[in-house]
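Topology and contacts: notes
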There are 2 protein chains.
Amino acid sequence: MSETPLDLALDGPALTARLVDFPSVSGEEKPLADAIEQALRALPHLTVDRYGNNVVARTELGRSERVVLAGHIDTVPIADNVPSRLDDGVLWGCGTSDMKSGVAVQLRIAATVPEPNRDLTFVFYDNEEVAADLNGLGHVAAAHPDWLAGDFAVLLEPSDGEVEGGCQGTLRVLLRTTGERAHSARSWMGSNAIHAATPILQRLAAYEPRRPVIDGLEFHEGLNAVRIEGGVATNVIPDACTVVVNYRYAPDLTEEEALAHVHEVFEGCGVAEFVVDDHSGAALPGLSHPAAAAFMAAVGGKARPKFGWTDVARFSALGVPAVNYGPGNPLLAHKRDERVAVERITHCEERLREWLTR
Amino acid sequence: MSETPLDLALDGPALTARLVDFPSVSGEEKPLADAIEQALRALPHLTVDRYGNNVVARTELGRSERVVLAGHIDTVPIADNVPSRLDDGVLWGCGTSDMKSGVAVQLRIAATVPEPNRDLTFVFYDNEEVAADLNGLGHVAAAHPDWLAGDFAVLLEPSDGEVEGGCQGTLRVLLRTTGERAHSARSWMGSNAIHAATPILQRLAAYEPRRPVIDGLEFHEGLNAVRIEGGVATNVIPDACTVVVNYRYAPDLTEEEALAHVHEVFEGCGVAEFVVDDHSGAALPGLSHPAAAAFMAAVGGKARPKFGWTDVARFSALGVPAVNYGPGNPLLAHKRDERVAVERITHCEERLREWLTR
């Protein structure tokens, strides 16, 4: 490797700046993965594995608990916002919030906590900002699930310093109605598939979403048409209509239960075809686990639920409860004026160190 | 003109065959229009006018009534079905039914009835099989409405030897609903425009169309969604949805009344935008007019209503009641195996001659 290795003696903000100045747009992570691997291999207390451009490092101290600190190393495309720029306590640049500040904190903990009170696993993965099937964490979970084993996981995604627990599941189904074509001047000769979709929309419009409290977090479900499409020509009674429905559900439902619920909602609506188009299960916050409770005590504040689907669900699927907790600001992610307050980076690193050492 | 003129001494079926063998796909009618003009100018009892590829010929006998016999001279594209072929009393070929057999009857009446009991106007027009704005009858109506004046009009469109009276109007409106975008994981932050279309579909599904009897003909209206479209992305609450509605209405309604009715149907449905996309008025059958009554007596049978919009409405808009009556079979129009029974051609010509001479 000819790259200058990352200097893990830099403080969190300076290391973040160094990472931002090391472009790693999705699909082009190899140089950064190489540098991270090289830096970690230099630390004698860690065992390092690599799979593609994903790097996993572990302590093997025989502690009774193991926690995972994970983060993606890719960014969305650069938008005239590299190199980074530090201005009055704020670091500007692509990936400052999402999530090279989080990766910097991971690397700082890896370098400065050689004897943690819990065994640690550090996961650095690629392709989080692109199609789900490219996601490096998914690839590691499929090929080496044992590398991700643990009692609790923290993803250092931007969460503005608050803890976001679990995530809701997302199920997308296509509901198709059928009819019979006819010239619209003789509509009684046919049967209108768009009209046949009326009961589906009625159920959707009348639907009362649940707001269950799980592990102390109030989730908020939703059942919505996200697309509707029907029609052959402006003088033809349509024989087909499709309503695309998205169900966002709380983590007290399994994938099977969520699917059964949607079937039940649209029972008797004259749906001719019911197609599951996409399904990603929910993730429990797992805040009742002792490691999570200690984590909450160390970072302080009150956890809030995560409504959108995130990579914590990949840990949940492996039986590892997970939360998002990172120094970035999610509202600034993917923006041209992406930035992070350097104080947040230092704060996040200190809170994690406190949790893992006291 | 170098073209061999049409020989109007041929009988109806033979003249139909000659016309079919004279290709005149929409946009390429000039040679046929030239031949028709030349043949008509050879008849001393007719005054001939021309506008583009539209030819109008008239008797000027000072009769108390004037009737119009009209037909389009274009066809849909040829589909290996030219030249024509006569087989066991059936003439096969492009345009045999739609509507060169009708044009042959017009030409035969023009040539063989020099002293009709009613003044006659013969209209031969182009571009009926293509976009409405190209329609030759529409062009003549706009430029020379006086050429189309009369008490009653017969379009020799294929009607299988039955009289089809008037036509229904057709109104197309776009009904738009709006909402507010939000991530579908936080749907309560937005407002779903597809769900907002529910009352529109409910009204459509519950709509009871009228079947008014006009001039003895029972019409049959229809109000239908012919297209629906909404959606931004599968993870976004949609902020817009459009339902395209087609109202086919009986000729006891004016265009204004039809539009007012549709406004009324969807009142209180939360329609954010109401756009008239297309509107063509209905045509009264006018069967109570003395010329029409005499026509019905001569051709026999019972008139039926025309549900689809046709060029009779262009006459109706000029104050001329009109019917479709022709030898072709509408079910065979535009087909590769298009054909006409020669007996139908002779029968139609005889009935019209009887009406115009006795």
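Being a predicted model, the structure only gives us computed values, none of them experimental.

1. Here's the deal with the overall build of chain A
Per the secondary structure count, chain A includes nine helices and 19 strands. Projecting the C-alpha coordinates of chain A onto the three principal axes gives extents of approximately 80 × 45 × 40 Å. Counting every position in chain A, which comprises 358 residues, the buried fraction comes to 56%. Expressed as a percentage of contacts within chain A between residues at least 6 apart in sequence, the contacts between residues at least 24 apart total 78%. Put simply, chain A shows about 13,800 Å² of open surface, and 49% of that area lies on carbon and sulfur atoms. Taken as two groups, the 31 positive and 51 negative side-chain charges of chain A have centres that lie 2 Å from each other.

2. Brief notes about the sheet that holds strand β6 (residues 119-125) of chain B
All names here are of chain B. Strand order across the open sheet formed by eight strands is β1-β2-β6-β3-β7-β18-β8-β17, with mixed pairing between neighbours. Of all the strands in the sheet, just β1 (47-51) and β17 (304-305) have a single pairing partner and so form its edges. Across seven bridges, the pairing between strand β3 (residues 66-72) and β6 is parallel. Considered in β6, the bridge of His72 is made with Tyr125. Along the sheet, helix α3 (residues 96-112) contacts β3 and β6; its crossing angle with β3, the most-contacted strand, is approximately 145 degrees. Contacting β3, β7 (152-155) and β18 (322-324), helix α7 (residues 290-299) crosses the sheet at an angle of about 40 degrees to β7.

3. What about the domain arrangement of chain A?
Residues and elements named next belong to chain A. Once the domains are mapped, chain A shows domain 1 (12-166 + 283-357) and domain 2 (169-280). Placing a centre on the C-alpha atoms of domain 1 and another on those of domain 2 gives a separation of 37 Å. Across the domain 1/domain 2 interface, buried area totals approximately 960 Å², and carbon plus sulfur atoms make up 65% of it. The interface formed by domain 1 and domain 2 includes two residue pairs in polar contact (both at pLDDT 80 or more). Split into classes, the residues belonging to the side of domain 1 that touches domain 2 amount to eight nonpolar, four polar and three charged.

4. Description of the environment of Ala283(B)
Residue and element names in this part refer to chain B. For Ala283, the position within the fold is in the loop between β16 (273-280) and α7. Separated by 30 residues in the primary sequence, Ala283 and Ala313 have C-alpha atoms spaced 4.7 Å apart. Discounting chain neighbours no more than four positions away, the residues touching Ala283 are Gly166, Cys167, Pro251, Val312, Ala313 and Ser316.

5. Thoughts on the interface of chain A and chain B
Every contact between the two is made by 41 residues of chain A and, on the other side, 41 residues of chain B. Summed over the shared surface of chain A and chain B, the result is zero salt bridges. Between the two partners, chain A and chain B, sit 18 residue pairs in polar contact (both at pLDDT 80 or more). If you list the elements that add at least two residues to the side of chain A that touches chain B, you get α5 (198-206), β13 (222-231), β14 (236-237) and β15 (240-249) of chain A. No other element matches β13(A), which puts 10 residues into the side of chain A that touches chain B. When grouped by side-chain class, the residues that make up the side of chain A that touches chain B number 18 nonpolar, 17 polar and six charged. Strand direction decides the pairing type here: β13(A) and strand β13 (residues 222-231) of chain B, joined by five bridges, are antiparallel. For Ile228(A), the partnering residue across the bridge sits in β13(B) and is Gly230(B).

6. Notes on the pattern of salt bridges
Evaluated as defined, the whole model comprises 52 salt bridges over all chains. In this structure, a network of salt bridges that share partners links the residues Lys30(A), Asp34(A), Glu37(A), Arg41(A) and Arg50(A).

7. Here's the deal with the relation of the copies chain A and chain B
Between the two copies, chain A and chain B, the superposition gives an RMSD of 0.1 Å; the rotation angle is 180 degrees and the shift along the axis is 0.0 Å. Such a combination of rotation and displacement between the chain copies is what one expects of a two-fold axis. When each C-alpha of chain A is compared by its distance to the rotation axis, Glu229(A) comes out closest, at 2.5 Å.

8. Thoughts on the packing of α3(B) against helix α9 (residues 342-357) of chain B
All names here are of chain B. α9 packs onto α3 with a crossing angle of 40 degrees between their chain directions and a minimal axis gap of 10 Å. Relative to α9, α3 is oriented oblique. Note that α3 runs across α9; the crossing there is right-handed. Touching Ser101, Val105, Arg108, Ile109 and Thr112 of α3 are Ile345, Cys348, Glu349, Leu352, Arg353 and Leu356, all from α9. Its residues assigned to classes, the contact of α3 with α9 comprises six nonpolar, two polar and three charged.

9. Digging into the packing of helix α7 (residues 290-299) of chain A against helix α9 (residues 342-357) of chain A
All names here are of chain A. Two elements in contact, α7 and α9, have axes whose closest approach is 9 Å; the angle formed by their N-to-C orientations is 135 degrees. Compared by their axis directions, α7 and α9 come out oblique. Once α7 is placed against α9, the crossing between them reads as right-handed. From α7, Ala291, Ala294, Phe295, Ala298 and Val299 reach across to α9, where they touch Arg351, Leu352 and Trp355.

10. Focus on helix α6 (residues 255-265) of chain B
All names here are of chain B. Listing the buried residues of α6 in full gives Ala258, Val262 and Val265. The buried residues of α6 occupy an angular sector of 60 degrees when projected down its axis, which confines them to one face. Those residues of α6 that are exposed and aimed more than 90 degrees away from the buried face are Glu256 and Glu264. Buried positions along α6 lie against β9 (169-178), α5 (198-206), β13, β15 (240-249) and β16.

11. Remarks on the side chain of Asn224(A)
With respect to the helices and strands, the residue Asn224(A) is situated in strand β13. Asn224(A) gets classed as buried once you look at its relative accessible area, which sits at 7%. Side-chain polar atoms of Asn224(A) contact the side chain of Ser187(B), separated by 3.3 Å. Ignoring any residue separated from it by four or fewer positions in sequence, one finds Asn224(A) in contact with Leu204(A), Val244(A), Val245(A), Asn246(A), Ser187(B), Asn192(B), His195(B) and Ile237(B).

12. Section: the packing of aromatic side chains
All names here are of chain A. Across all of its chains, the model carries 12 aromatic pairs over all chains by this definition. Both rings, one in Phe295 and one in Tyr325, keep their centres 5.5 Å apart while their planes meet at 85 degrees; by these two values the pair is edge-to-face. Linking Phe295 in helix α7 with Tyr325 in the loop between β18 (322-324) and β19 (339-341), this pair joins segments that are 30 residues apart in sequence. Per residue, the accessibility class of Phe295 equals that of Tyr325, and both read buried. Cluster of aromatic residues (ring-pair linked, three or more members): Phe152, Phe295, Tyr325 and Trp355. Across the ring face of Trp92, the terminal group of Arg85 is positioned such that the distance to the ring centre comes to 5.1 Å.

13. Considering the sheet that holds strand β2 (residues 54-58) of chain A
All names here are of chain A. Across the sheet, which stays open at both edges, the eight strands sit in the order β1-β2-β6-β3-β7-β18-β8-β17 with mixed pairing between neighbours. Edge positions in the sheet fall to β1 (47-51) and β17 (304-305), since each of these pairs with one other strand and no more. Direction of pairing for strand β8 (residues 164-165) relative to β18: antiparallel, over a ladder of two bridges. Residue Glu164 lies in a different strand from β18, and its bridge partner there is Asn324. Across the sheet, α7 touches β3 (66-72), β7 (152-155) and β18, and the angle it forms with β7 is around 40 degrees. Against the sheet, α9 makes contact with β3, β6 (119-125) and β7, and its axis sits at roughly 160 degrees relative to β3, the strand it touches most.

Thresholds, definitions, all that
Residues numbered from 1 in each chain as written. Chains lettered and ligands numbered in written order. Predicted model: local features only at pLDDT ≥ 70, side-chain atom pairs only at ≥ 80, totals over all residues. Heavy atoms only, no water. Helix = DSSP H or I, 4+ residues; strand = E, 2+ residues; numbered from the N terminus. Buried < 20%, exposed > 50% of the residue type's maximum accessible area, 1.4 Å probe, protein only. Contact = heavy atoms within 4.5 Å. Areas by Shrake-Rupley, 256 points an atom, 1.4 Å probe, with all protein chains shown as cover. Lys, Arg positive; Asp, Glu negative; His and termini not counted. Charge placed at Lys NZ, Arg CZ, Asp CG, Glu CD. Pairing = 2+ DSSP bridges. Axes fitted to C-alpha atoms, helices over the stretch in contact; angles between N-to-C directions. Domains from an automatic or database assignment. Buried area = accessible area lost by both parts, 1.4 Å probe. Polar contact = N/O pair within 3.5 Å; in protein donor to acceptor, adjacent residues only side chain to side chain. Nonpolar A, V, L, I, M, F, W, Y, C, P; charged D, E, K, R; others polar. Salt bridge = Lys/Arg side-chain N within 4 Å of Asp/Glu carboxyl O. Least-squares fit on C-alpha atoms with pLDDT ≥ 70 in both. Parallel < 35°, antiparallel > 145°, perpendicular 65-115°, else oblique. Left-handed = near helix turned anticlockwise from the far one by under 90°. Arc of directions from axis to C-beta. Phe/Tyr/Trp six-rings, centres within 6.5 Å; stacked < 30°, edge-to-face > 60°. Lys NZ or Arg CZ within 6 Å of the ring centre and 35° of its normal.

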